[in-house]
Amino acid sequence: MTFIRRYTALPTFRRSETTLSISALLKVCKTTSSLEQVHSRIIRKGLHEDHFILSQFITLCNSLYNFSYSTSVFNLVSSPSTVLWNTYMKGQSENESLSLTISIFIRMKRSDAVPDKFTYPSLIKACSKECAVKEGVALHGSAVRCGVGGDVFVMTSLIHLYGKCGEILCARKVFDEMRERNVVSWTAMIDGYASFGDLVEARKLLDKMPEKNVVPWNAIISGYVKCGDLKTARKMFDEMPYRNVVSYTIMIDGYAKSGDMASARFVFEEAPEKDVVAWSALISGYVQNGQPNEAVKIFHEMCSMNVKPDEFIMVSLMSACSQIGSLEQAKWVDDYVSKSSIDIRQAHVIAALIDMNAKCGNMDRATKFFEEMPKRDLISYCSMMQGLSLHGCGSQALSLFSRMLNDGLTPDDVAFTIILTACSHAGLVDEGCYYFETMKTNYSIVPSPYHYACVVDLLGRTGRLKEAYELLKSMPVEPHAGAWGALLGACKLHCDIELGKVVAEQLFELEPQNAGNYVLLSNIYAADEQWLDVNLLRNKMKDRGIRKIPGCSWI
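Nothing here was measured: the structure is a model prediction, and the numbers come from that model.

Which residues make up the nonpolar core, and what values go with them?
Ranked by internal contacts, the top residues of the largest apolar core, which has 179 residues, are Ile221, Met318, Met385 and Leu487. Excluding its chain neighbours within four sequence positions, the residues that come into contact with isoleucine 221 are Ala233, Met236, Phe237, Met240, Ile250 and Met251.

Residue-level account of the layout of surface pockets, with values.
When its volume is computed, the largest pocket comes out at roughly 410 Å³. In terms of lining, the largest pocket is formed by 19 residues, of which the most central are Pro121, Ser122, Lys125, Phe153 and Ser157. For the lining of the largest pocket, the secondary structure elements donating two or more residues are helix 6 (82-95), helix 8 (120-129), helix 10 (152-164) and helix 12 (183-196). The element best represented in the lining of the largest pocket is helix 8, accounting for five residues. Here the lining of the largest pocket is composed, by residue class, of five nonpolar, eight polar and six charged. What lines the second largest pocket is a set of 14 residues, among which Asp191, Ser195, Val215, Asn218 and Ala219 lie closest to the centre. Among the elements of the structure, helix 12 and helix 14 (214-226) are those that each provide at least two residues to the lining of the second largest pocket. Here the residues of the lining of the second largest pocket are counted per class, giving six nonpolar, six polar and two charged.

Give a description of the side chain of aspartate 496 that names residues and reports values.
Its location among the elements puts aspartate 496 in the loop between helix 30 (481-493) and helix 31 (497-510). Side-chain polar atoms of aspartate 496 contact the backbone nitrogen of leucine 499, separated by 3.1 Å. Here aspartate 496 is in contact with Leu465, Lys466 and Cys491, once residues within four sequence places are set aside.

Just give me the short version of the state of the cysteines, but keep the residues and values in it.
The full count for this structure, using the stated rule, is zero disulfides. A disulfide-free cysteine, cysteine 321 has its sulfur positioned 6.1 Å from the sulfur of cysteine 360, the nearest such atom. Take cysteine 491: it sits in no disulfide, and the sulfur closest to it among the cysteines is that of cysteine 495, at 10 Å. Judged by its relative accessible area of 0%, cysteine 491 falls in the buried class.

A description of the packing of aromatic side chains should follow, citing residues and the corresponding values.
In this description, a pair of aromatic rings is defined by centroid distance and the angle of the planes. Using the criterion set out here, one finds 18 aromatic pairs in the structure. Ring plane angle 10 degrees and centroid distance 4.2 Å describe the contact between phenylalanine 74 and tyrosine 88, whose orientation is recorded as stacked. Taken together, the residues span a long stretch of sequence, with phenylalanine 74 in helix 5 (residues 67-75) and tyrosine 88 in helix 6 at a distance of 14 residues. With relative accessibility at 2%, the residue tyrosine 88 sits in the buried group. A centroid spacing of 6.2 Å and a plane angle of 80 degrees characterise the contact between phenylalanine 299 and tryptophan 332, whose relative ring orientation is edge-to-face. In this pair, phenylalanine 299 is assigned in helix 19 (residues 292-304) and tryptophan 332 in helix 21 (residues 327-339), connecting sequence segments 33 residues apart. One aromatic cluster in this structure is built from Phe401, Phe416, Tyr434, Tyr435 and Tyr443. Note that lysine 274 overlies the ring of phenylalanine 268, its terminal NZ or CZ placed 5.2 Å from the centroid.

Give me the side chain of serine 380: which residues, what numbers.
In this fold, serine 380 is placed in helix 24 (residues 378-390). Owing to a relative accessible area of 0%, serine 380 belongs among the buried residues under this scheme.

An account of the confidence of the model for the protein is requested, with residue identities and associated values reported.
Mean pLDDT over the protein works out to 88, with 95% of the residues at or above the 70 mark. Of the regions scoring below 50 in pLDDT, residues 551-555 engages in zero contacts with residues more than four places distant in sequence or in other chains.

Hey, could you go over the pattern of salt bridges for me, with residue numbers and the actual values?
Here the structure, examined in full by the defined rule, presents 21 salt bridges. Notably, a salt bridge pairs arginine 172 with glutamate 201, separated by 3.7 Å at the nearest N-O pair. Of the two residues, arginine 172 is situated in helix 11 (residues 168-177) and glutamate 201 in helix 13 (residues 199-208); the sequence distance between them amounts to 29 residues. Taking the shortest distance from any N to any O, the salt bridge between glutamate 301 and arginine 265 comes out at 3.9 Å. Of this pair, glutamate 301 sits in helix 19 while arginine 265 sits in helix 17 (residues 261-270), and the two are 36 residues apart along the sequence. The network of salt bridges with common partners includes Arg265, Glu269, Glu294 and Glu301.

So, how was this worked out
- Residues numbered from 1 in each chain as written.
- Predicted model: local features only at pLDDT ≥ 70, side-chain atom pairs only at ≥ 80, totals over all residues.
- Heavy atoms only, no water.
- Core = buried A, V, L, I, M, F, W, Y, C linked by side-chain atoms within 4.5 Å.
- Buried < 20%, exposed > 50% of the residue type's maximum accessible area, 1.4 Å probe, protein only.
- Contact = heavy atoms within 4.5 Å.
- 1 Å grid on protein atoms, 1.4 Å probe; cavity = no way out; pocket = protein on both sides within 12 Å on 5 of 7 lines; lining within 4 Å.
- Points joined across faces, edges and corners; volume = space filled by probe spheres on them.
- Helix = DSSP H or I, 4+ residues; strand = E, 2+ residues; numbered from the N terminus.
- Nonpolar A, V, L, I, M, F, W, Y, C, P; charged D, E, K, R; others polar.
- Polar contact = N/O pair within 3.5 Å; in protein donor to acceptor, adjacent residues only side chain to side chain.
- Disulfide = S-S within 2.5 Å.
- Phe/Tyr/Trp six-rings, centres within 6.5 Å; stacked < 30°, edge-to-face > 60°.
- Lys NZ or Arg CZ within 6 Å of the ring centre and 35° of its normal.
- pLDDT = per-residue confidence, 0-100.
- Salt bridge = Lys/Arg side-chain N within 4 Å of Asp/Glu carboxyl O.

What follows is the structure, encoded as structure tokens:
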């Protein structure tokens, strides 16, 4: 039975072909297929110019993300009313580019329809999404000329636009000119000050606000969190007359970003209700702070409470698996995502799948996702190159780097760190030196200590210790311990005692309590049977209270 027959058979829907019955049918449409059937009936009954019906139809098309369908239907209307233009434009503004939305508005202005107070809020909101102040100012002027510049919804939209884009004086000017303000207007202005970092003014405005709800409180707390002032954020959080799940999530996220996962977990446990965003904040916090096993544990706890994870939680879980490096766990997550309703074609999801599979050793699966991408970006290339480098495929990583350049992508400092590491692991000295010079001359990237450390490690592995040492001495900034440590390891590998002593002294200054450096130099002495130096070094460790961390085995 077709959608139309199934629903017209119900007593609620009479068979008479009236606007009311079609309107009722539209309310129960859930798929594009049923939408097409209703559209067919609209055309057959000559209602294709009925603006009331078409407005509902276009709204439904937008809710089903079928924007091409809504466009084709709208373009067939001979003379759309202002209401119909507004409906069509609202859907496009929420899902299409700003330039397309503005072009629709220009078409409307050139037609017989006149923009009204319902026209501008969605357009201004589209400008806010892209921080397009210039276009927003033009719409502001247009609204004033059309006589709706003083409407509370139009002005509130403008406050939000100017506040979000850092034009806080313009936002305040609009706010002060308002004859009437609602809760949303006050909140938009407070949020603007909070986003701008002027929390003193935001607090003043909150105190003056006649009717307060939880939203402006959350905006100010979020402002303190962004400024890193968690102490004041917590004080204000405790002062709130009532809190919602967003309030708790802001604090969880703030503590997580500051590295205080104990406080983040405490606030999470305090929350009377937890939505998927709160769970996401906690899980991503553990991942960002290098506690991937705890993130996985929280994920399973969330699932046991019948909370369905979204794509952001799954991306965090994939990142946790990348840190752990467990192939078995990566396969489980991959399988879970494939069976879920999450769209893996989304750029951030497929990038995470590539990174997880590459780092966990499933290069075939990572390559499959990589090659299926409609458009490969720098992040996906870097994930693949790093995976190849980790698993001993340095030459393939270099080939992929060349392919990336041929695709017209410009490598950044991270891409060069990865390719230099790949050269180091594969012993490709000439190639590594070439990329190091290319980075400076062709891309004007100033090498970081990590880039230098990669080249030092590369030269050291192949026995070119003097070159590595001279490179460290030529650095414009002080080399970090990792670079000196790589050279000391190379000195042990190639039994260069004299240089080993010099390098070790540098490390003793940088890391006076790191027993590993003493042990490494001791092993260099022992390899050359210089037992007196071994004993002297051990005595130095004893005098400085440095203890060697004992080894252990899980067997």
